[in-house]
Amino acid sequence: MVRSWIFKEKGDAGGWVEHSESDLPNEPVLIDVVHSAINYKDALSITRTAPISRKFPMVPGVDIVGVVKDDISGTFKAGDRVVATGFGLGEVHWGGYTTAARLKPEWLVKLPDGISNRDAAAVGTAGLTAAMCIDALEKYGLPLESGEIIVSGATGGVGSFALRLLDTAGYHAVAMTGRPEEEAYLLAQGAKNIVARSEFDQDVRPLAKERWTAGIDVAGGKILANMLSTTRYGGSIAACGLAASMELPASVAPFILRGVNLLGVDSVLASREKREKAWKRIEASIAMHPLDDMVVGHKFEEVNQLAKDLLASKSKGRIVLGWR
């Protein structure tokens, strides 16, 4: 038998259900799920605060870590440790809040030996996105001696992992935050110094004083526009989120007068090649920055209350769910 949190239909409050393995989606790779996590999107879904799930019945959980039980596609072998993120998991495809899952092989990446199952769940979509942002910046020729790299939303999942990954690679990361009381946390993640978000959440000048060689942005809106206007000649900003706004109140001046690059980064439909490269970067970072100080472990059965606590800002760190 399989145990899953299932929304049976639109408007259903959802809950744990025992069902047959034959009820799983008809996909080639069968895995035993060992861990998932609670992201902000998961909390919105579980509490029905936002319509994250768009097909029914649906199992929520956007991150899945498990062990391959069988793969009729021949891509993986039994016993392989794998991770799945993105591709509409928990939204249009059954997600990770279950004891077993059937998935397409192209959704899965074999975990590097240096990443434990728990740590893979802690990293999840947030860490993968951060790693892909740095890969995008390096593709445009980011040198180690490049100067300051600004990271918005630095206390969040993507921001925190970006600081760790930048520090591992030897870059000078600057954390942007609206929570000055978290300075010690940000410095521990790898930030070399801190700047106030209020400096960026204001009306945008077409061009301002050059400061950043590069940046990683999760916010959009005025914050991204001000990051662009203060980026040095030939620099790049990797944009991967819209936490503040979908709008971009910027001019073309940074692009045509300073040759600034705005790089869009999407981790949802990224190729396996890009994902494998990102997970290798993450493996190196974990060796230097173990995740013990940021991982909070809980049982899957606690997911309902944990989701409520996350939305109420009562939790901190990366919430990893397990069956033991």
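Reading the values: rules and limits
Residues numbered from 1 in each chain as written. Predicted model: local features only at pLDDT ≥ 70, side-chain atom pairs only at ≥ 80, totals over all residues. Heavy atoms only, no water. Pairing = 2+ DSSP bridges. Helix = DSSP H or I, 4+ residues; strand = E, 2+ residues; numbered from the N terminus. Axes fitted to C-alpha atoms, helices over the stretch in contact; angles between N-to-C directions. Contact = heavy atoms within 4.5 Å. Disulfide = S-S within 2.5 Å. Buried < 20%, exposed > 50% of the residue type's maximum accessible area, 1.4 Å probe, protein only. Parallel < 35°, antiparallel > 145°, perpendicular 65-115°, else oblique. Nonpolar A, V, L, I, M, F, W, Y, C, P; charged D, E, K, R; others polar. Phe/Tyr/Trp six-rings, centres within 6.5 Å; stacked < 30°, edge-to-face > 60°.

Trainee: Explain the sheet that holds strand S13 (residues 261-264) to me, please; I cannot follow it from the model alone.
Mentor: Neighbouring strands of a sheet are bound in pairs by backbone hydrogen bonds; such pairs are parallel or else antiparallel. If you walk across this open sheet you meet the 6 strands as S10-S9-S8-S11-S12-S13, and the pairing is parallel. Two strands close off the open sheet at either side, each with one partner strand: strand S10 (193-196) and S13. Sheet twist, expressed as the mean angle between neighbouring strand axes with direction ignored, is 20°. Sitting on the sheet, helix H3 (residues 157-169) is in contact with strand S8 (148-151), strand S9 (172-177) and strand S11 (212-217), with an inclination near 160° to S8. Strand contacts of helix H5 (residues 221-229): S8, S9, S11, strand S12 (231-239) and S13, with the helix running at about 150° to S12, the strand carrying the most contacts.

Trainee: Where do I start with the environment of Asn 226 in this structure?
Mentor: Within the secondary structure, Asn 226 is located in helix H5. In this structure, the C-alpha to C-alpha distance between Asn 226 and Leu 248, residues 22 residues apart in sequence, is 9.8 Å. Leaving out residues up to four positions away in the same chain, Asn 226 has contacts with Phe 200, Gln 202, Asp 203, Val 204 and Arg 205.

Trainee: Explanation requested: unusual backbone geometry in the structure shown.
Mentor: It is generally the case that most residues other than glycine have a negative phi and that most peptide bonds are trans. At the junction of Phe 56 and Pro 57, the peptide bond is cis and its omega measures out at -5° in the coordinates. With respect to the element layout, Pro 57 can be found in the loop between helix H1 (40-46) and strand S4 (63-71). Within the chain, Arg 48 stands out as a residue other than glycine whose phi angle is a positive 60°. Note that Arg 48 resides in the loop between H1 and S4. The backbone of Phe 87 shows a phi angle near 55°, a positive value even though the residue is not glycine. If you trace the backbone, Phe 87 turns up in the loop between strand S5 (81-85) and strand S6 (100-103).

Trainee: It is not clear to me how the state of the cysteines should be interpreted in this structure. Could you clarify?
Mentor: Linking two cysteines covalently via their sulfur atoms produces the bond known as a disulfide. Tallied over the full model, the rule gives 0 disulfides. No disulfide involves Cys 133; its nearest neighbouring cysteine sulfur is the one of Cys 240, lying 3.7 Å away. Assessed through its relative accessible area of 0%, Cys 133 is described here as buried.

Trainee: What am I meant to see in the packing of H3 against helix H7 (residues 272-288) here?
Mentor: When two helices pack together, their arrangement is captured by the angle between the axes and the distance separating the axes. Interaxial distance between H3 and H7 falls to 9 Å at its minimum, and their mutual angle equals 85°. Considering the angle they form, H3 stands roughly perpendicular to H7. Along the contact surface, H3 presents Arg 164, Leu 165, Asp 167, Thr 168 and Ala 169, while H7 presents Arg 281, Ile 282, Ala 284, Ser 285 and Met 288. When grouped by side-chain class, the residues that make up the contact of H3 with H7 number 5 nonpolar, 2 polar and 3 charged.

Trainee: Please explain the packing of aromatic side chains as it appears in this structure.
Mentor: Where two aromatic rings form a pair, the distance of their centres and the angle of their planes describe that pair. Per the stated rule, a full pass over the model turns up 7 aromatic pairs. Both rings, one in Trp 5 and one in Trp 16, keep their centres 5.9 Å apart while their planes meet at 90°; by these two values the pair is edge-to-face. Of this pair, Trp 5 sits in strand S1 (residues 2-6) while Trp 16 sits in strand S2 (residues 15-19); the two residues are 11 residues apart in sequence, bridging distant segments of the chain. When its relative accessible area of 6% is taken as the criterion, Trp 5 is described as buried. The exposure class of Trp 16 is partly exposed, given its relative accessible area of 22%.

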